[in-house]
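Structural characterization, general
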Amino acid sequence: MPTARPQAPRVNAWLLRAPWWQVGIAMGVLLAPFAVLVLGLTGDRSWTAAVLLGVGAAVVCAPMLGFVTAHTVRDAMAAVEEVPEDQRAAVERAARRGAVPEDDALREAALHLVEDRLLTVHATRTRALALPAVLAVVAAFLAVAQSPWWWLGVAVAAALAVLVLVAPGRLERRAALLRRAG
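Read on for a plain summary of the structure. (Residues numbered from 1 in each chain as written. Predicted model: local features only at pLDDT ≥ 70, side-chain atom pairs only at ≥ 80, totals over all residues. Heavy atoms only, no water.)

Observations concerning helix H7 (residues 151–181)
- Here H7 is 31 residues long and its end C-alpha atoms lie 44 Å apart, about the 45 Å a rise of 1.5 Å per residue gives.
- The sharpest bend along H7 measures roughly 35° and falls at Val166, with the proline Pro168 sitting one to four residues further on.
- When we look at burial in H7, the residues that qualify are Val154, Ala157, Ala161, Val164, Pro168, Leu171, Arg174, Ala175 and Leu178.
- Where the residues of H7 are buried, they touch helix H4 (88–96), helix H5 (104–123) and helix H6 (125–145). (Helix = DSSP H or I, 4+ residues; strand = E, 2+ residues; numbered from the N terminus. Expected span 1.5 Å × (residues − 1). Bend = angle between axes of the 7 residues up to and from the residue. Buried < 20%, exposed > 50% of the residue type's maximum accessible area, 1.4 Å probe, protein only. Contact = heavy atoms within 4.5 Å.)

In structure tokens, the structure reads:
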């Protein structure tokens, strides 16, 4: 029985090349059920209203998310423009996780990508921490004013803040690993 593991490189390769509108459709498909659940569980509205509001929110938000995500991915991959298109997914994977590539060019491209991301993370850290803080405050207010389900939003915002705090260390460890292998 085949596993889903071999599919991941194809999905990552697709995300690296996909136009913004395709990424937006994928975001909408992922966002709509989540929005319906949140709206259905957190208010005094019917499930029909939650479906209409959730799908409406996905239709409005997904194109913007797709546009921002596609351009962010392309900007991040600009650090490895010299890498042939068929190897970009391998460079992306080597920059994030797994064994250090034996190929010097691939390892160097992955290191360049990690260092570029590290610069971006350090430059945007304050804004990246402000967003989950605001989301936590809003979710906490809604938890007190509307429904206790919003405490899940506070937990998600706290998890996002933790991710922002641990990302630089993870990237620095990966860069050191890629440098040592060279």
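As for the packing of H4 against H5
- Remark: H4 packs on H5, axes separated minimally by 8 Å, with the N-to-C direction vectors making an angle of 60°. Taken together, the axes of H4 and H5 are oblique relative to one another. When you trace H4 past H5, the crossing you get is right-handed. Note on element contacts: H5 touches H4 through Leu106, Ala109, Ala110, Leu113, Val114 and Arg117, opposite Ala90, Val91, Glu92, Ala94, Ala95 and Arg96. (Axes fitted to C-alpha atoms, helices over the stretch in contact; angles between N-to-C directions. Parallel < 35°, antiparallel > 145°, perpendicular 65-115°, else oblique. Left-handed = near helix turned anticlockwise from the far one by under 90°.)

As for the packing of aromatic side chains
- Taken as a whole and judged by the stated rule, the model has one aromatic pair.
- Each ring, one from Trp20 and one from Phe67, has its centre 6.0 Å from the other, and the planes form 80°; the classification is edge-to-face. Placement of the pair is Trp20 in helix H2 (residues 20–42) and Phe67 in helix H3 (residues 47–77), with a sequence separation of 47 residues.
- We classify Trp20 as partly exposed; its relative accessible area is 39%. (Phe/Tyr/Trp six-rings, centres within 6.5 Å; stacked < 30°, edge-to-face > 60°.)

Digging into a nonpolar patch on the surface
- There is a patch of nonpolar side chains on the surface, built from Leu131, Leu135, Val156, Leu160, Val162, Leu163, Leu165 and Val166 and spanning about 710 Å² of accessible area.
- Residue assignment for the nonpolar patch shows that the elements contributing at least two residues are H6 and H7.
- If one sorts the elements of the nonpolar patch by residue count, H7 sits on top with six residues.
- Note that Val156 resides in helix H7. (Patch = residues over 30% accessible without salt bridge, like charges linked within 9 Å, V, L, I, M, F, W, Y side chains within 5 Å. Areas by Shrake-Rupley, 256 points an atom, 1.4 Å probe, with all protein chains shown as cover. Salt bridge = Lys/Arg side-chain N within 4 Å of Asp/Glu carboxyl O.)

A look at the packing of H6 against H7
- At their nearest, the axes of H6 and H7 sit 7 Å apart, and the two run at 165° to each other. Classified by the interaxial angle, the pair formed by H6 and H7 is roughly antiparallel. Seen from above, H6 lies across H7 with left-handed handedness. Where H6 abuts H7, its residues Arg125, Ala128, Leu129, Pro132, Leu135, Ala136, Ala139, Ala140, Ala143 and Val144 lie against Trp151, Gly153, Val154, Ala157, Leu160, Ala161, Val164, Leu165 and Pro168.
- Counted by class, the contact of H6 with H7 contains 17 nonpolar, one polar and one charged residues. (Nonpolar A, V, L, I, M, F, W, Y, C, P; charged D, E, K, R; others polar.)

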